[in-house]
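Okay, here's what each chain looks like letter by letter:
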Amino acid sequence: MAEITLLTADPKAGFLAHAEEIRAAIERVLASGHYILGPEVDAFEREWAAYLGGGYAVGVANGTEAIELALRAVGVRLGDAVATVANTVSATAAAIEQIGARLVFVEIDPATMTMSAEALEEVLGKESGRVKAVVPVHLYGHPADMPRIGEVAKKFGAKVVEDCAQAHGAMVGGRKVGTWGEAAAFSFYPTKNLGALGDGGAVFLRDAEVAERVRLLRQYGWRERYRSEVAGRNSRLDELQAAVLRVKLKYLEEENAKRRELAERYRERLGIACKQAPTWRMPEVGAGVEHVWHQFVVRTERREELKAFLAERGVGCAVLYPVPLHRQAAYAQAVSLPETERACAEVLSLPVHPGLTVADVDRVCGEILRWMDA
Ligand SMILES: *Cc1c(COP(=O)(O)O)cnc(C)c1O
């Protein structure tokens, strides 16, 4: 087995690119003596909300809890139903399950592999009022169809909580993901487009009152110390991670632009060959969409073969996600989601992260073209 020299994600490279500034930020926190919910978290919350275009950000422990607290803050309770997709990481379902809410899976649009607004309309109609919230996932950095999902949700009185864990900075019609729904959840897991050096997450809200609910929930239900107003928990973002995130946020746009450049190169180099390969699909970008390329995902029925071929040549690839949630033991349901299942059987993530060069992408493309010819 060859050594994998091109990784699908490289958090260490993300640290080294800004090592000096990150070390200085960490030193500043160490010297401050303030390690939990202090000035760094405050500043990061303000900066993150400003980046998204105004509103309120609340730092929490991770992306999974960001989804859960966002759902709770918009009113989802034990026994409610929550609609989401099945081609996502277990975290999306775990957040819903933590509330004791029932998962309802919605089919995807095969072009973008995100939630289909038509399928959602059908599901919400069938559930007649039981679905309290809809969680679209902006998968791989491509926004879900927020204008239409928003309309459908509104028609059925469901709240929208966006799972933005893979889409920091992505936009639809010039408007950032996270600002479309009643609430949004971000993860700062180290491999995400904006990644900490450990766990971290944030809830984003446009309404001050809902934001205040998340603030209470993330720390024991306290507004005032030692007085729980509501039943809360501990889901805090710490000062060290906030300080690191403040450094990395300064480079997010630049790094997303780098991802875009690499993605363009893949499309250029593989485009023509792919048109001639009937069972091969390149990632599509919807109209008015600003993709942030958390993953560059191609589709082929011969995925396992291509993955092995590339691994032998030192190119790492990932499969997000091999098994849809409704086929996993913890979340098994007898629903029919043929497009979701087909996507899970065919998707392959090629390396795309800001630590790569155009020459690296050319190397991957060269190998893929050789594989297609063979
Ligand atoms: C990473 C991720 C999460 C979970 O984030 P954690 O910080 O790992 O809890 C949720 N949803 C999606 C789509 C993700 O990619």
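Owing to the predicted nature of the structure, the values given are computational and were not obtained by experimental measurement.

Each helix and strand in the chain was counted, giving 13 helices and 17 strands. Its C-alpha radius of gyration of 21 Å places the chain within 12% of the 21 Å reference for a compact globule of 374 residues. Each of the three principal axes of the chain carries a C-alpha extent, and together these read 70 × 55 × 35 Å. Counting over 374 residues, the chain shows a buried share of 54%. Of the contacts formed within the chain by residues at least 6 apart in sequence, a portion of 70% connects residues at least 24 apart.

Here we come to the nonpolar core. Of all hydrophobic cores here, the largest spans 58 residues; its most connected members are L120, V134, L270, W280, F296 and L350. If we skip the residues at most four places from it in the chain, W280 touches L270, C274, V298, R299, T300, L306, I368, W371 and M372. With 33 residues, the next largest nonpolar core counts A73, V135, L205 and L325 among its residues.

Neighbouring strands of a sheet are bound in pairs by backbone hydrogen bonds; such pairs are parallel or else antiparallel. Pairing in this open sheet of three strands is antiparallel, and the strands run β9-β8-β15 from one edge to the other. Only two strands of the sheet have a single neighbouring strand rather than two, namely β9 (175–176) and β15 (289–290). By the bridge criterion, two bridges tie strand β8 (residues 171–172) to β15 in an arrangement that is antiparallel. Its bridge partner lying in β15, V172 is registered against V289.

With that settled, consider the packing of helix α11 (residues 303–312) against helix α13 (residues 358–373). Look at α11 against α13: their axes get within 10 Å of each other, and the N-to-C directions meet at 130°. Between α11 and α13, the interaxial angle falls into the category oblique. The element α11 and its partner α13 pack so that their crossing is right-handed. Contacts between α11 and α13 involve E305, L306, F309 and L310 on the former and, on the latter, V364, E367, I368 and W371.

Definitions and limits used
Residues numbered from 1 in each chain as written. Predicted model: local features only at pLDDT ≥ 70, side-chain atom pairs only at ≥ 80, totals over all residues. Heavy atoms only, no water. Helix = DSSP H or I, 4+ residues; strand = E, 2+ residues; numbered from the N terminus. Rg over C-alpha atoms; globule rule 2.2 N^0.38 Å. Buried < 20%, exposed > 50% of the residue type's maximum accessible area, 1.4 Å probe, protein only. Contact = heavy atoms within 4.5 Å. Core = buried A, V, L, I, M, F, W, Y, C linked by side-chain atoms within 4.5 Å. Pairing = 2+ DSSP bridges. Axes fitted to C-alpha atoms, helices over the stretch in contact; angles between N-to-C directions. Parallel < 35°, antiparallel > 145°, perpendicular 65-115°, else oblique. Left-handed = near helix turned anticlockwise from the far one by under 90°.

Geometric values such as these leave the question of function open.
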